[in-house]
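Now for the letters of each chain:
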Amino acid sequence: MTALPQRTIAEPPPPSAELPDWVFPPPQGFFAEDLDHLPDLPAHTELIDGSLVFVGPRNLFHHVVSRELRTALNHFLPADHEILGQMTVKLGARQRPEPDLIVLGPDAPEDPDVTCYDAADVLLTVEAVSKESELRDRQRKPVLYAEAGIPHFWLVEEVNGRPAVYVNELDPATQAYIATGVHHDRLKLMVPFDLDIDLTTLCSSHTR
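Definitions and cut-offs
- Residues numbered from 1 in each chain as written.
- Predicted model: local features only at pLDDT ≥ 70, side-chain atom pairs only at ≥ 80, totals over all residues.
- Heavy atoms only, no water.
- Pairing = 2+ DSSP bridges.
- Helix = DSSP H or I, 4+ residues; strand = E, 2+ residues; numbered from the N terminus.
- Axes fitted to C-alpha atoms, helices over the stretch in contact; angles between N-to-C directions.
- Contact = heavy atoms within 4.5 Å.
- Buried < 20%, exposed > 50% of the residue type's maximum accessible area, 1.4 Å probe, protein only.
- Right-handed = clockwise from strand over helix to strand, strands pointing away.
- Core = buried A, V, L, I, M, F, W, Y, C linked by side-chain atoms within 4.5 Å.
- 1 Å grid on protein atoms, 1.4 Å probe; cavity = no way out; pocket = protein on both sides within 12 Å on 5 of 7 lines; lining within 4 Å.
- Points joined across faces, edges and corners; volume = space filled by probe spheres on them.
- Nonpolar A, V, L, I, M, F, W, Y, C, P; charged D, E, K, R; others polar.
- Salt bridge = Lys/Arg side-chain N within 4 Å of Asp/Glu carboxyl O.

Participant: I'd like a description of the sheet that holds strand β10 (residues 176–183), backed by residues and values.
Facilitator: Consider a sheet: its strands pair through backbone hydrogen bonds, and that pairing is either parallel or antiparallel. Taken together, the six strands give an open sheet; going across it, the order is β3-β5-β7-β8-β9-β10, and neighbouring strands pair in mixed fashion. One side of each edge strand has no neighbouring strand; the edge strands of this open sheet are β3 (82–84) and β10. Going from strand to strand, the sheet's axes swing by 20° on average, the running direction of each strand aside. The sheet strands contacting helix α1 (residues 60–74) are β3, β5 (101–104), β7 (122–128), β8 (152–159) and β9 (162–171), and the helix crosses β8 at an angle near 135°. Packed onto the sheet, helix α2 (residues 134–147) meets β7, β8, β9 and β10 and runs at close to 170° relative to β8.

Participant: Can you break down the pairing of β8 residue by residue, with the values?
Facilitator: Burial runs high along β8: six of the eight residues are buried. When β7 meets β8, the two strands line up parallel, connected through five bridges. What sits directly across from V126, in β8, is W154. Regarding the hand of the β-α-β motif, the stretch spanning β7, α2 and β8 is right-handed. In the sheet, β8 pairs with β9 via eight bridges, with the strands oriented antiparallel. Residue pairing for β9: V159 is matched across the bridge by R162. Remark: two residues form the turn of the hairpin made by β8 and β9, two consecutive strands paired antiparallel; N160 in that turn has positive phi of roughly 55°.

Participant: Residue-level account of the nonpolar core, with values.
Facilitator: Ranked by size, the top nonpolar core spans 24 residues in total, and within it L69, L73, W154, L187, L195 and I197 carry the most contacts. If you list the elements that add at least two residues to this core, you get α1, β5, β7, β8, β9, β11 (186–189), β12 (195–198) and α3 (199–206). At five residues, α1 tops the list of elements feeding residues into this core. Counting residues in hydrophobic clusters, the runner-up holds 21 residues, among them I48, V53, L91 and L170.

Participant: Can you break down empty space enclosed by the protein residue by residue, with the values?
Facilitator: According to the stated counting rule, one finds one cavity of 30 Å³ or more in the structure shown. In this structure, the largest cavity spans a volume of roughly 50 Å³. Lining the largest cavity are E46, R58, H62, E98, D100, E127, A128, E132, S133, R136, D137 and K141. Secondary structure elements with two or more residues in the lining of the largest cavity: β7 and α2. The element contributing the most residues to the lining of the largest cavity is α2, with three residues. Here the residues of the lining of the largest cavity sort into one nonpolar, two polar and nine charged.

Participant: Requested: an account of the pattern of salt bridges, with residues and values cited.
Facilitator: Throughout the structure, instances matching the rule amount to 14 salt bridges. Across the pair D36 and R96 runs a salt bridge whose closest N-O atoms are separated by 3.0 Å. Of this pair, D36 sits in the segment before β1 (46–48) while R96 sits in the loop between β4 (88–90) and β5; the two residues are 60 residues apart in sequence, bridging distant segments of the chain. Given a relative accessible area of 37%, D36 falls into the partly exposed group. Between R138 and E157 there is a salt bridge, with its nearest N and O atoms 2.8 Å apart. Highlighted residues: R138 in helix α2 and E157 in strand β8, separated in sequence by 19 residues. Residue classification places R138 among the partly exposed residues on the basis of a relative accessible area of 42%. In the salt-bridge network here, residues are joined through shared partners; they are E46, E127, D137 and K141.

Given below as structure tokens:
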């Protein structure tokens, strides 16, 4: 009888360095204010349900569409409003996500040292869906934004290589979003302010 070759199990490599203490959450989870005090926290870290969420690499579609949509919105923004990217929003004691774009209302603080905004300051949140975040963007974050009372939420999806904008408006009676339209070629709305954006321009920017 021919002896079978003996299998060997590779040993896992030793860790390259000790993990920082903040990787291990406290029993009650993290609070929104903790993001300002944890040392060496990776950029764009979010807090959802008391847990730290580390953002993976975004693809070219996500980067370009977020940039071009922000530029396009600036042309229609009321004078006392502001649009920002890469800024977290405090939705509750243990909720501090980072939408891809936010539109701030006229009462938002103008402190240059501000590190996040309250939900009451935000008129609109926009999420451009990435593979690594699609469940959060499509399911968990809209619920959190609605429960916090943010009036408008847009979800930008890649459909056949082009952006489609799913527009949602808050129903104050249920504190849930109502879908008001899906826009493929042209985003023409009267709320949260008058705007008319050619989405095919965002597509052409994607192919540069």
